[in-house]
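# A look at the structure
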Amino acid sequence: MNLTHIIAERPNKTIYRDGDKMMKVFSEDYSKAEVLNEALNTARVEETGLNIPKLQAVTMVDGKWAIVSDFIEGKTLQELMDENPDQLEAYLNRFVELQMEVLRHSSPLLNDLNMKLQKRISASGLEATNRYDLHCRLDAMHGHHKLCHGDFNPSNIIITPDDTAYIIDWAHAAQGNASADVARTYLLFWLDGKKNVAEAYMDLYCKKSDTAKQYVQKWIPIVAAAQLANSKVSAEEKALLMRWADVVEYV
């Protein structure tokens, strides 16, 4: 591939385009296991028939691991929301419908979400008493086997010129409870400073899916604690997450 056309740069990866292919090149110190897990997740999600960029190859470039997949021409749903604020309601409606479509699928070979959350709670840095309460809360939750994206936000949806939606970035995919994935999306809107969008999203999802809002809210402390294990969390985000991770009953 011709690695001259950079389309995105992150602290630990650079994304290039070459014609109809995209290559994500990871930093030299990036975990090989994480790269291979992302590729495997993508391959397994492909088997569900969802609209996602197809995996083409896993390779190395100058000693760095890289994933090659289809390049999807278009704009992210987040870009469209930013460009057309008057259409936010319609975009949010489509966003929820896409998430519900994902959650209707299953992929039994993916990692178990509850096990992943338990490990991240243990690594959250919270006090032992709070960790214990969160572990107990998670143990009491229904262990479903829905396909959960793990980072479902408008920046991970590409809308092509012919209005086809593709869902990208399956690095965090797992099988688990749909409401856990919804709680994480809600939290991501909050962390991005979009409180009003977060509330509108939660209300819309619960209405469309006929899910009790209180049930989704029970997952918020769990996913907030899991997010605390992320080394890239800022001080401001950490303060917000610490408040969310307090184990309380929501009304």
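Look up: the structure comes first, before these words.
Residues numbered from 1 in each chain as written. Predicted model: local features only at pLDDT ≥ 70, side-chain atom pairs only at ≥ 80, totals over all residues. Heavy atoms only, no water.

### Section: the environment of E34
Rule in force here: Helix numbers and strand numbers start at the N terminus; a helix is a DSSP run of H or I with at least 4 residues, a strand a run of E with at least 2. Only protein chains enter the accessibility calculation, which uses a 1.4 Å probe; a residue whose area is less than 20% of its type maximum is buried, one above 50% is exposed, and one in between is partly exposed.
By the secondary structure assignment, E34 is in helix α1 (residues 32–46). What makes E34 partly exposed here is its relative accessible area of 44%. Sequence separation of E34 and G143 is 109 residues, and the distance between their C-alpha atoms is 24 Å.

### Looking at the sheet that holds strand β8 (residues 157–159)
Pairing between sheet strands relies on hydrogen bonds along the backbone, with the strands arranged either parallel or antiparallel. Let me state the cut-off plainly: Only strands that DSSP links by at least two bridges are regarded as paired with each other. The contact rule is simple, with two residues in contact once any of their heavy atoms fall within 4.5 Å. Axis lines are fitted through C-alpha atoms, for helices just across the contact stretch, and the angle between N-to-C directions can take any value from 0 to 180 degrees.
In spatial order, the strands read β6-β8-β9; together these three strands make up an open sheet with antiparallel pairing. Unpaired on one side and paired on the other, β6 (75–76) and β9 (165–167) mark the two borders of the sheet. Relative to β8, β6 runs antiparallel, the two sharing two bridges. Looking at the pairing, K75 lines up with I159 of β8. In the packing of helix α3 (residues 88–103) onto the sheet, contacts are made with β8 and β9, and the angle to β9 comes to roughly 55°.

### A closer look at the layout of surface pockets
Formally: Using a grid of 1 Å spacing that covers the protein atoms alone, one calls a set of points a cavity when a 1.4 Å probe fits there but cannot get out, and a pocket when the set is open and has protein on both sides within 12 Å along at least five of seven lines; lining residues are those with an atom within 4 Å of a point. Grid points are joined across faces, edges and corners, and a volume is the space filled by probe spheres set on the points.
Looking at the second largest pocket, its volume works out to about 160 Å³. Lining the second largest pocket, in full, are M100, L103, R104, H144, K146, N177, A178, S179, Y205, S209, T211 and Y215. Put simply, the parts of the chain that give the lining of the second largest pocket at least two residues each are α3, α6 (178–191) and α7 (195–209).

### Considering the nonpolar core
The following threshold applies: Residues enter a nonpolar core if they are buried and are Ala, Val, Leu, Ile, Met, Phe, Trp, Tyr or Cys, with the set joined through side-chain atoms within 4.5 Å.
If you look at the biggest cluster of nonpolar residues, it comprises 61 residues, and the most contacted ones within it are W170, Y201 and Y205. The greatest single-element share of this core, amounting to nine residues, is contributed by α6. Once residues lying within four places of it in the same chain are set aside, the contact partners of W170 are N41, T42, V45, L50, I52, V102, L147 and H149. Listed in part, the six residues of the second largest apolar core include Y16, V25, A66 and V68.

### Overview of the environment of V216
Mapped onto the elements, V216 comes out in helix α8 (residues 213–217). A C-alpha to C-alpha distance of 7.1 Å links V216 and V182, two positions 34 residues apart in sequence. Sequence-distant contacts of V216, defined by excluding residues within four places in its chain, comprise S179, V182, A183, M202, C206 and T211.

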